[in-house]
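This is what each chain is made of:
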Amino acid sequence: MTRRGLCDAYATLSDMEEILDDRFIRIHRSHIVKREHLRKLLSELGRYQEVELADETVLPLGGNYKRQLMIELGL
């Protein structure tokens, strides 16, 4: 664990998905986020393309994960 609260992990994101509890959700092949940090879905031409987090970080929303995210958010 570092001073910033980070640690190195050597696992695939698929492995991490199985380890993490339901407080986390995969939004892209490269990103898993904590649900409470999700702020809003950003759209372009009516299609959700990105996710904004509470700290205003913007991450891509992968097509393979979009449907599940919207179902879980009740959209």
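What counts and how
Residues numbered from 1 in each chain as written. Predicted model: local features only at pLDDT ≥ 70, side-chain atom pairs only at ≥ 80, totals over all residues. Heavy atoms only, no water. Salt bridge = Lys/Arg side-chain N within 4 Å of Asp/Glu carboxyl O. Helix = DSSP H or I, 4+ residues; strand = E, 2+ residues; numbered from the N terminus. Buried < 20%, exposed > 50% of the residue type's maximum accessible area, 1.4 Å probe, protein only. 1 Å grid on protein atoms, 1.4 Å probe; cavity = no way out; pocket = protein on both sides within 12 Å on 5 of 7 lines; lining within 4 Å. Points joined across faces, edges and corners; volume = space filled by probe spheres on them.

A. Just the pattern of salt bridges, in detail. A complete count under the given rule lists 5 salt bridges for this structure. In this structure, Arg39 engages Glu52 in a salt bridge whose closest nitrogen and oxygen atoms are separated by 2.9 Å. Of this pair, Arg39 sits in strand S3 (residues 38-44) while Glu52 is found in strand S4 (residues 47-53), placing the two residues 13 residues apart along the sequence. Taking relative accessible area as the criterion, Glu52 reaches 11% and is therefore assigned buried. Note that Glu56 is salt-bridged to Arg39, the shortest N-O span being 3.6 Å. One end of the pair, Glu56, is in the loop between S4 and strand S5 (58-60); the other, Arg39, is in strand S3, and 17 residues separate them in sequence. The network of salt bridges with shared partners includes Arg39, Glu52 and Glu56.

B. Looking closely at the layout of surface pockets. Approximately 160 Å³ is the volume attributed to the largest pocket. Along the wall of the largest pocket there are 13 residues; nearest its centre are Glu17, Phe24, Ile25, Arg26 and Arg35. Those elements that place two or more of their residues in the lining of the largest pocket are strand S1 (24-28) and helix H2 (63-72). The dominant element in the lining of the largest pocket, judged by the number of residues it contributes, is H2, at 4 residues.

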